[in-house]
Amino acid sequence: LQTRARHTAMPANKKSKAAEVVSREYTVNIHKRIHGVGFKKRAPRAIAAIRKFALDTMKTKDVRVDTELNKFLWSKGIRNVPYRVRVRLSRKRSEDEDATE
């Protein structure tokens, strides 16, 4: 029987991973995320799926979709959304004075 070390509180000199400023590229498979969605909801659901993907991977609530990405998703209409999209996700420091993140 082995025991594992318990998670302890972070030392004072360490920052949390969610607070780091970082930028990464991902390929998001939209096709599997909007499978079975009705025609008139496909493009809006694709944007929501990318928003949710960014929220999960970058661990931040403030997610902004660039206009170029939005135009690319809508480029073939509301029904025929592209199957995959390459996105660059960046987590930045908030300029807002009252921000907690």
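Preceding this paragraph is the structure being described.
Right, let's walk through the structure included here. Along every chain, residues carry numbers that run from 1 in the direction the sequence is written. Two thresholds apply to this predicted model, a pLDDT of at least 70 for residue-level local features and 80 or more for giving and counting side-chain atom pairs, whereas whole-chain, interface and lining totals are computed over all residues. For side-chain calculations, the full set of non-hydrogen atoms in the structure is used, while hydrogens and water are omitted.

**Brief notes about the nonpolar core**
Nonpolar side chains in soluble globular proteins tend to end up buried together. To keep it simple, the criterion reads: We define a nonpolar core as any set of buried Ala, Val, Leu, Ile, Met, Phe, Trp, Tyr and Cys residues linked to one another through side-chain atoms lying within 4.5 Å. Exposure is judged per residue with a 1.4 Å probe applied to protein chains only, and the accessible area is read against the type maximum: over 50% gives exposed, under 20% gives buried, and values in between give partly exposed. We count a stretch as a helix when DSSP gives it H or I for four or more residues in a row; a strand needs E for two or more, and each element gets its number in order from the N terminus. Here, residues are in contact when the closest pair of their heavy atoms is within 4.5 Å.
In terms of nonpolar packing, the biggest core is built from 19 residues, with Val28, Ile30, Ile50, Leu73, Val81 and Val85 touching the most fellow members. Elements with a contribution of two residues or more to this core: β1 (22-29), α2 (42-58), α3 (67-74) and β2 (84-91). The dominant element in this core, judged by the number of residues it contributes, is α2, at 7 residues. Not counting residues up to four positions away in its chain, the partners in contact with Ile30 are Ala46, Ile50, Leu73, Val81, Pro82, Tyr83, Arg84 and Val85.

**Quick notes on the environment of Asn29**
Note the following rule: Counting of polar contacts relies on pairs of N or O atoms within 3.5 Å, with two restrictions inside protein: one atom must be capable of donating a hydrogen and the other of accepting it, and residues adjacent in sequence are counted only when both atoms are side-chain atoms.
Within the secondary structure layout, Asn29 lies in strand β1. With relative accessibility at 23%, the residue Asn29 sits in the partly exposed group. Along the chain, Asn29 and Ala46 lie 17 residues apart, while their C-alpha atoms are 9.8 Å from each other. Among residues more than four places away in sequence, those in contact with Asn29 are Tyr83 and Arg84. At 3.1 Å, the side chain of Asn29 and the backbone nitrogen of His31 are in polar contact.

**Focus: the pattern of salt bridges**
What counts is decided by this rule: Within this document, salt bridges are pairs made up of a side-chain nitrogen of Lys or Arg and a carboxyl oxygen of Asp or Glu, the two lying within 4 Å of each other.
Following the criterion strictly, the structure yields 4 salt bridges and no others. Note that Glu25 and Arg86 form a salt bridge whose closest N and O atoms lie 3.5 Å from each other. Note that Glu25 is positioned in strand β1 and Arg86 in strand β2, a separation of 61 residues in sequence. The partner of Glu25 in a salt bridge is Arg88, and the shortest N-O contact between them spans 2.6 Å. Taken as a pair, Glu25 in strand β1 and Arg88 in strand β2 lie far apart in primary sequence, 63 residues in all. Take Arg88: its relative accessible area is 58%, and that puts it in the exposed class.

**Remarks on the side chain of Arg91**
Which entries qualify depends on this criterion: Under the counting rule used here, the positive set is Lys and Arg, the negative set is Asp and Glu, and His together with the chain ends is not counted.
Position of Arg91 among the secondary structure elements: in strand β2. For Arg91, which is buried and forms no salt bridge, the nearest opposite charge comes from Glu20, at a distance of 5.2 Å. At 2.6 Å, the side chain of Arg91 and the backbone oxygen of Met58 are in polar contact.

**Points about the side chain of Arg42**
Following the sequence through the fold, Arg42 ends up in helix α2. Despite its burial, Arg42 pairs with no opposite charge, the nearest such side chain being Asp56 at 20 Å. The residues touching Arg42, leaving out its near neighbours within four places in the chain, are Ile34, Val37, Ile78, Arg79 and Val81.

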